[in-house]
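Notes for the structure review
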Amino acid sequence: MRIVLNGGTGFIGQALCLSLVQDGHHVTVLTRNARSAAQLLGPLVTAVEWTGRDAGSWEHSLEGADAVINLAGAPIADARWTDARKTLLKDSRVLTTRLLVEAMSRRSSKPGTLISASGIGYYGASDDRVLNESAPRGRGFLADLCLAWEGEALRAMAFETRVVLLRTGMVLEQNGGALPKMLLPFRLFMGGPIKPGTQWISWIHRRDHIGMIQWALATPGLSGPLNAVAPGAVTVAQFCNLLGRVLRRPSWLPVPGLMLKILLGELGTLMTTGQRIYPAKALSDGYVFQYPTLEPALQAIFTKDQGSH
Ligand SMILES: NC(=O)c1ccc[n+]([C@@H]2O[C@H](COP(=O)([O-])OP(=O)(O)OC[C@H]3O[C@@H](n4cnc5c(N)ncnc54)[C@H](OP(=O)(O)O)[C@@H]3O)[C@@H](O)[C@H]2O)c1
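Criteria and cut-off values
- Residues numbered from 1 in each chain as written.
- Predicted model: local features only at pLDDT ≥ 70, side-chain atom pairs only at ≥ 80, totals over all residues.
- Heavy atoms only, no water.
- Core = buried A, V, L, I, M, F, W, Y, C linked by side-chain atoms within 4.5 Å.
- Buried < 20%, exposed > 50% of the residue type's maximum accessible area, 1.4 Å probe, protein only.
- Contact = heavy atoms within 4.5 Å.
- Phe/Tyr/Trp six-rings, centres within 6.5 Å; stacked < 30°, edge-to-face > 60°.
- Lys NZ or Arg CZ within 6 Å of the ring centre and 35° of its normal.
- Pairing = 2+ DSSP bridges.
- Helix = DSSP H or I, 4+ residues; strand = E, 2+ residues; numbered from the N terminus.

This paragraph deals with the nonpolar core. Nonpolar side chains tend to gather and get buried jointly when the protein is soluble and globular. Residues L5, I69 and M212 are the most contacted members of the largest nonpolar core, which totals 49 residues. Once residues within four sequence positions are removed from consideration, M212 is found in contact with I204, L226, N227, A228, V229, A282, Y287 and F289. Listed in part, the 24 residues of the second largest apolar core include M170, L179, A230 and L243.

For the rest of this paragraph, the subject is the packing of aromatic side chains. Taken as a whole and judged by the stated rule, the model has 5 aromatic pairs. Ring centres of Y122 and Y123 lie 5.3 Å apart, and the angle between their planes is 85 degrees; on these two criteria the pair is classed as edge-to-face. Judged by its relative accessible area of 11%, Y122 falls in the buried class. By relative accessible area, Y123 is classed as buried at 3%. The structure contains a cluster of three or more aromatic residues connected by ring pairs, namely W215, Y287 and F289. A cation over a ring is seen here: K86 above F141, with NZ or CZ 5.3 Å from the ring centre.

Bringing the sheet that holds strand β8 (residues 176–177) into the picture now. Spatially, β8-β7-β10 is the arrangement adopted by the 3 strands of the open sheet, whose pairing is mixed. Strands with a single pairing partner mark the edges of an open sheet, and in this sheet they are β8 and β10 (203–205). Looking at chain direction, strand β7 (residues 170–173) and β10 are connected through 3 bridges and run parallel. Bridge pairing links V171 to I204 in β10.

Before going further, it helps to spend a moment on the pairing of strand β4 (residues 67–70). Burial of the side chains of β4 extends over both faces: A67 and I69 are buried on one face and V68 and N70 on the other. In terms of strand pairing, strand β1 (residues 2–6) meets β4 through 4 bridges, oriented parallel. Along β4, the bridge assignment pairs L5 with I69. As paired strands, β4 and strand β5 (residues 113–119) are joined by 4 bridges and run parallel to one another. In the sheet register, A67 faces β5, and the bridge partner there is T113.

Next comes the structure, spelled out in structure tokens:
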């Protein structure tokens, strides 16, 4: 397939590019810095510069593409959510998606598939109830952001492109995403359940996230929201116990939510409001998880001789 993606230099995108190229696909990455993307991704990936804001010659790369994967967005948990930061988080997703879909609409030969990132933030904070793709939208900044983000992607349905909305949970791997930040308290021997510890964490190993994207590319009947989470969501207390066990660090000291917010910033805030999400569609439509449960996923992540994606 000829695949165009943005966000290809990121934590998920970089590993995805590698995997797509290994599978023989032709991959073009839209990036704000083509030179560093080319260095990062190597000669088998074509890096094309865009600003994420403006139409331009990058649009030609969409001509004749079979699929587009939309992963761009400023990092959610890296800085405090000031008003300016919230605007950046939103614009870097909603406006980039709009730009991409408008450019797709102008091609004479339109890509058949758009796989567009979203987040389980769509569902808002939830209690013990298990939520699948038919659950209603929740409240709050992330829920509103996801609604607007998904809305822009869904416009591609107007020209009969198949749209898959990847409602992604916490993606786990050693070299990026939330996990390295969560390790800090453990390395300080302070890791333990975040009070009250009963909040849910819906996670997915990065290999499964990439596997799910590739499965979605190859499954023509699949469209609409797709929860990209493992079936085995855990409570924060269970997560910390398993992480402590795998790292051989004690997990006996409960961490107050306030301390987490100080240590982890907005990621701490996200972790003190739980979400118990279930990948109903992926399971019913035949995706087979490599890591359905957390302990083997963490063991794979912290085993040194594992592959890089
Ligand atoms: N990682 C997770 O746990 C997780 C969970 C839920 C949802 N998601 C979503 O999945 C997508 C990919 O996640 P990720 O963890 O791989 O993200 P990431 O590592 O932060 O990478 C995102 C990419 O977006 C581009 N980008 C960053 N700021 C931008 C801006 N202001 N304007 C336009 N593009 C910008 C960058 O590409 P260039 O520098 O090459 O332009 C960057 O490589 C994101 O949209 C994220 O919200 C991720």
